[in-house]
Amino acid sequence: MALINRRMLLITGGATAVATAGAGTLAWWPGTASATQPWSDAGKGLGDPRLDALAYAILAPNPHNRQPWQYRLVGDDRVDMTCDLARRLPQTDPFDRQIVVGFGCMLELFVMAAAAKGYSCEVTLWPDGEPQPRLDARRVASVRLIANAAQPPDPLFAHALARRSTKEVYGAQAVTPDVLVQLIGSAVTDGVVAGGSVDAESVLVLRKLTWDAWMVEYRDAAMRRESIDLMRIGNAEIVANPDGIELGGLFMGLGKMTGMITRETLDTPGTTAFQQGIDMFKPIMESAKGHVWLITPGNSRAEQIAAGRRWVRMNLQSQALGVAIHPLSQALQEVKVMAGPYAQLHERLGARDGAVVQMLARIGYAPFPEPTPRWPLKTHLVAA
Ligand SMILES: Cc1cc2nc3c(=O)[nH]c(=O)nc-3n(C[C@H](O)[C@H](O)[C@H](O)COP(=O)(O)O)c2cc1C
């Protein structure tokens, strides 16, 4: 079959599985509703404004959806935030830069959710000092809630439950310069440069650069293995571990049942599953209709947090505008094999003299996906 694609192949395999296993076998296949329950729970009201804000904060975008947040409720108005160090990504994010950007996203959502309930936040970043070159047990932030009837709500917060990272093939519709300006405008702040382009030449250059970087990661055994280990293949795995990279749905389940989709086949160059990874992602990257990025003058932990806070705002604004957005971090990885794409990207975007591209994403139009899984809030709470 010349035009075979991942889904077609799985349907073929699935049909075999249905025929041999029979419908009864499928009945135990669990859905993934429990894995997305935190999206329904946010906004329910938990009797403590800190928990109410945290219920939204845990819905933040974050690398590989590892959700490394740990929260300590201190006294009656403070939350101390630390990183679950086991949830970092040592191969693709060796200095925890992306993990800290994710903390920035989470913190911004926390502040917005608190404002919606009439609280302002006193945020102290890195109260015990900035950990370098990797994170450690020290606090990322300590946040105090202060009742403030005059606290204005943040209009972007209205999109918190609809926000998505949209990792689909984008349709033919172009993103206009006017929309791009509105998108970038949402992320303008002191200390973070927001940029973007929908110019045809730039789109072609960045499509190629992001694809080349994706292939560098895919060909690197250690980086590939890190992602494969975090794949949740089939609904049962997603429900058991509502984090990582979810490959759910009936077709994935059937592919798994027939043995076509296993961690080993995905990790073995030359197998159909390995090639399908490439065949699936290439059209995704090539369908970009533009790109957006965030640059900071340096690479301090505070700047990484600032970039994350801006990123989630851009993501919320994209939702408000109906624009799909998809972070592509491969070319930003501080690893030896990525040195070429990293340097090319920084040169291309004018990030010089120590400036760092903290986020890069493609934009376009596509139906928005379902929300991604989340661990329940209670699993992030640690004893004071
Ligand atoms: C710092 C950062 C880096 C990310 N890098 C990538 C990436 O390289 N590829 C990708 O598909 N998604 C990337 N994402 C998106 C996450 O995978 C996504 O936020 C997570 O899976 C949760 O999904 P959601 O944003 O739809 O809630 C990144 C997100 C953040 C905050």
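Residues numbered from 1 in each chain as written. Predicted model: local features only at pLDDT ≥ 70, side-chain atom pairs only at ≥ 80, totals over all residues. Heavy atoms only, no water.

Asks: Teacher, can you tell me more about the layout of surface pockets here?
Replies: Gaps left between atoms show up when a probe the size of a water molecule is rolled over them. Counted as a void, the second largest pocket has a volume near 170 Å³. Secondary structure elements with two or more residues in the lining of the second largest pocket: helix 3 (37-41) and helix 4 (49-57). Classifying every residue of the lining of the second largest pocket gives eight nonpolar, no polar and three charged. (1 Å grid on protein atoms, 1.4 Å probe; cavity = no way out; pocket = protein on both sides within 12 Å on 5 of 7 lines; lining within 4 Å. Points joined across faces, edges and corners; volume = space filled by probe spheres on them. Helix = DSSP H or I, 4+ residues; strand = E, 2+ residues; numbered from the N terminus. Nonpolar A, V, L, I, M, F, W, Y, C, P; charged D, E, K, R; others polar.)

Asks: Is there a simple way to explain the packing of aromatic side chains in this structure?
Replies: Tallied over the entire structure, the rule returns six aromatic pairs. Aromatic side chains tryptophan 69 and phenylalanine 103 sit 5.1 Å apart centroid to centroid with 85° between the ring planes, which places their arrangement in the edge-to-face category. With tryptophan 69 in strand 1 (residues 69-74) and phenylalanine 103 in helix 5 (residues 97-116), this pair connects stretches of sequence that are 34 residues apart. For the pair tryptophan 69 and phenylalanine 103, a shared accessibility class is recorded, and that class is buried. Seen in terms of ring centroids, tryptophan 214 and tyrosine 218 are 4.7 Å apart; in terms of plane orientation they differ by 25°. Their pairing is stacked. (Phe/Tyr/Trp six-rings, centres within 6.5 Å; stacked < 30°, edge-to-face > 60°. Buried < 20%, exposed > 50% of the residue type's maximum accessible area, 1.4 Å probe, protein only.)

Asks: Explain helix 5 to me, please; I cannot follow it from the model alone.
Replies: Given 3.6 residues per turn, any residue in an α-helix points the same way as the ones three and four places further on. Over its 20 residues, helix 5 extends 29 Å from the first C-alpha to the last, a length consistent with the 28 Å expected when each residue adds 1.5 Å. Of all 20 residues that make up helix 5, 18 are buried, and the element is covered over most of its length. Glycine 118 sits one or two residues past helix 5 and shows a positive phi near 85°. (Expected span 1.5 Å × (residues − 1).)

Asks: Would you mind showing me how to read the pairing of strand 1 here?
Replies: On any regular strand, side chains alternate: one points to one face of the sheet, the next to the other face. Pairing geometry for strand 1 and strand 2 (residues 78-83), over six bridges, is antiparallel. Directly across from leucine 73, in strand 2, lies its bridge partner valine 79. (Pairing = 2+ DSSP bridges.)

Asks: What exactly am I supposed to notice about the site of the ligand here?
Replies: As a structural note, the neighbourhood of the ligand is formed by 19 residues, with Arg163, Ser165, Lys167, His326 and Ser329 the closest of them. Residue histidine 326 places a side-chain N or O atom 2.8 Å away from an oxygen atom belonging to the ligand. Computed on the free molecule, the ligand has an accessible area of 610 Å², of which 93% lies beneath the protein chains in the complex. Breaking the shell around the ligand down by element, the ones donating at least two residues are helix 5 and strand 9 (324-327). Looking at side-chain class alone, the shell around the ligand contains seven nonpolar, eight polar and four charged residues. (Near = heavy atom within 4 Å. Polar contact = N/O pair within 3.5 Å; in protein donor to acceptor, adjacent residues only side chain to side chain. Areas by Shrake-Rupley, 256 points an atom, 1.4 Å probe, with all protein chains shown as cover.)

Asks: Quick question: what am I supposed to make of the pattern of salt bridges here?
Replies: Side chains that carry opposite charge are capable of pairing whenever their charged atoms lie near each other. This structure, assessed with the given rule, holds 28 salt bridges. Close ionic contact of lysine 117 with aspartate 52 constitutes a salt bridge, the shortest N to O distance being 3.3 Å. On the criterion of sequence distance, the pair formed by lysine 117 in the loop between helix 5 and strand 3 (119-125) and aspartate 52 in helix 4 is long-range, its members being 65 residues apart. Residue arginine 225 is joined to glutamate 264 by a salt bridge in which the shortest nitrogen-to-oxygen separation is 3.8 Å. Linking arginine 225 in helix 8 (residues 221-229) with glutamate 264 in helix 11 (residues 263-266), this pair joins segments that are 39 residues apart in sequence. Residue classification places arginine 225 among the partly exposed residues on the basis of a relative accessible area of 26%. The structure contains a network of salt bridges with shared partners spanning Arg66, Asp84, Arg87, Arg232 and Asp243. (Salt bridge = Lys/Arg side-chain N within 4 Å of Asp/Glu carboxyl O.)

All we've got here are geometric facts, nothing functional implied.
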